Amino acid sequence: MTKHLLQIYRILFEEYGAQHWWPADTHDEVIIGAILTQNTNWKNVKKAISNLKKKQLLSLSALSAADIAMITDCIRPAGHYNQKAERLKLVSNALKEYIVPPVSNEFRAFLLSLKGIGPETADSILLYAYNLPYFVVDAYTNRIFSRLGIIGEQSNYSYIQGFFHRFLEPSVQLFNEYHALLVRHAKLHCRKSPQCASCPLQDICEYALNKGLT
DNA sequence: GGCCAGGACACCA
DNA sequence: TGGTGTCATGGC
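These numbers come from a predicted model, not from an experiment.

Participant: Explain helix α3 (residues 42-54) here, please?
Facilitator: Every α-helix winds through 3.6 residues per turn, so residues three or four apart in the chain are directed the same way. Between its terminal C-alpha atoms α3 stretches 18 Å, which fits the 18 Å expected from 13 residues at 1.5 Å a residue. Every buried residue of α3 is accounted for by Trp42, Val45, Ala48, Ile49 and Leu52. All buried residues of α3 project into a common sector of 110° when viewed along the axis, lining one side. Across from the buried face of α3, at angles greater than 90 degrees, the exposed residues are Lys43, Lys47 and Lys54. The inward-facing, buried residues of α3 abut α2 (27-36), α4 (60-65), α5 (68-75) and α11 (172-189).

Participant: Explain the side chain of Gln38 here, please?
Facilitator: Take Gln38: it is sitting in the loop between α2 and α3. Among the polar contacts made by the side chain of Gln38, one reaches the main-chain carbonyl oxygen of Gly116 at a distance of 3.0 Å. When near neighbours in sequence (up to four residues on either side) are disregarded, Gln38 contacts His80, Lys84, Arg87, Gly116 and Thr121.

Participant: Help me out: how do you make sense of the protein's contact with DNA strand C in this one?
Facilitator: In the region of DNA strand C, the neighbouring residues are Asn39, Lys43, Asn44, Lys47, Arg76, Pro77, Gly79, His80, Tyr81, Asn82 and Gln83. In DNA strand C, the atoms that sit within 4 Å of the protein are 64% sugar and phosphate, with bases accounting for the remainder. A distance of 2.2 Å separates a phosphate oxygen of DNA strand C from a polar atom in the side chain of Lys47. Going through the elements one at a time, α3 and α6 (81-97) are the ones with two or more residues in the surface near DNA strand C. Taken together, the residues that form the surface near DNA strand C break down as two nonpolar, six polar and three charged.

Participant: What is the right way to look at a positive patch on the surface in this model?
Facilitator: The grouping of Lys43, Lys46, Lys187 and Arg191 at the surface amounts to a positive patch. Within the secondary structure, Arg191 is located in the loop between α11 and α12 (202-211). What makes Arg191 partly exposed here is its relative accessible area of 37%.

Participant: What is the right way to look at the confidence of the model for chain A in this model?
Facilitator: In regions of low pLDDT, the predicted coordinates are not meant to be interpreted in detail. This prediction gives chain A a mean pLDDT of 91; 93% of its residues lie at or above 70. Mean pLDDT values over the elements of chain A span from 66, in α12, up to 98, in α2.

Participant: Would you take a moment to explain the nonpolar core for this structure?
Facilitator: Soluble globular proteins: nonpolar side chains tend toward being buried together. Ranked by internal contacts, the top residues of the largest apolar core, which has 72 residues, are Leu36, Leu111, Phe145 and Tyr178. A total of eight residues in this core trace back to one element, the largest contributor, which is α11. Domain assignment of the residues forming this core places at least three in each of domain 1 (2-19 + 135-210) and domain 2 (27-129). Not counting the four nearest positions on each side in its chain, Leu36 is found in contact with Val45, Ala48, Ile49, Leu52, Ile75, Ala78, Lys84 and Leu88.

Participant: Would you mind going over the packing of aromatic side chains with me for this structure?
Facilitator: A ring pair, where both rings are aromatic, is described by two values, the distance of the centres and the angle of the planes. According to the stated counting rule, one finds 18 aromatic pairs in the structure shown. Judged by centre distance (4.9 Å) and plane angle (75°), the rings of Phe107 and Tyr130 are edge-to-face. Separated by 23 residues along the polypeptide, Phe107 in helix α7 (residues 105-113) and Tyr130 in the loop between α8 (119-129) and α9 (139-147) bring together distant segments of the chain. Geometrically, the ring pair formed by Phe145 and Phe164 is edge-to-face, given 5.0 Å between the ring centres and 90° between the ring planes.

Conventions we followed
Residues numbered from 1 in each chain as written. Chains lettered and ligands numbered in written order. Predicted model: local features only at pLDDT ≥ 70, side-chain atom pairs only at ≥ 80, totals over all residues. Heavy atoms only, no water. Helix = DSSP H or I, 4+ residues; strand = E, 2+ residues; numbered from the N terminus. Expected span 1.5 Å × (residues − 1). Buried < 20%, exposed > 50% of the residue type's maximum accessible area, 1.4 Å probe, protein only. Arc of directions from axis to C-beta. Contact = heavy atoms within 4.5 Å. Polar contact = N/O pair within 3.5 Å; in protein donor to acceptor, adjacent residues only side chain to side chain. Near = heavy atom within 4 Å. Nonpolar A, V, L, I, M, F, W, Y, C, P; charged D, E, K, R; others polar. Patch = residues over 30% accessible without salt bridge, like charges linked within 9 Å, V, L, I, M, F, W, Y side chains within 5 Å. Areas by Shrake-Rupley, 256 points an atom, 1.4 Å probe, with all protein chains shown as cover. Salt bridge = Lys/Arg side-chain N within 4 Å of Asp/Glu carboxyl O. Lys, Arg positive; Asp, Glu negative; His and termini not counted. Charge placed at Lys NZ, Arg CZ, Asp CG, Glu CD. pLDDT = per-residue confidence, 0-100. Core = buried A, V, L, I, M, F, W, Y, C linked by side-chain atoms within 4.5 Å. Domains from an automatic or database assignment. Phe/Tyr/Trp six-rings, centres within 6.5 Å; stacked < 30°, edge-to-face > 60°.

Here it is in structure tokens:
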């Protein structure tokens, strides 16, 4: 399976090139973006981030000190603004008080203990903000690999993540680029309504379906 | 005007 | 434990 996963990676990399993720300038901006992007189009997230920047609120320390109404007003374009404002505030305060070096599963458990931080958001923060080798599983990952027949459509988060962790070396660089490439690919070829024409994974998709690549 | 978007959580059976 | 409703804006 390792060689198939790496083959898919190579095809995507040759097709799209390096994605240079996460699209953020600072460590704090990664964390803020990871919360804002929950169930939201990234274009809307960029508007919210721009608003935060204008108000000089694009850092955890600034958010921690800011009035929640001001945060809410800034992030309105990203949707779910009441929930997300609370989550930004909570995470900003929590990370300020977290003094243990964020290098282990304990830190992941800590993130998951925060209301509003689920597995995908936690792993996005761990991988892209803290450079820790946690594979990020999102709706696109699930869609692409279930359509390839490699995982079941109903597979849960920990199963899918465990799958990648089992068959790939724990490389931050690889996990970073792989997830970014999957997002790029899914936006072009793997929306909810399949658009398979000229899909660079078409060959491996047919191979997977024919050979029972599981 | 409806569908969808780089989720998470509360509630209920 | 699994299914469903809610949060909500903006692009296509």
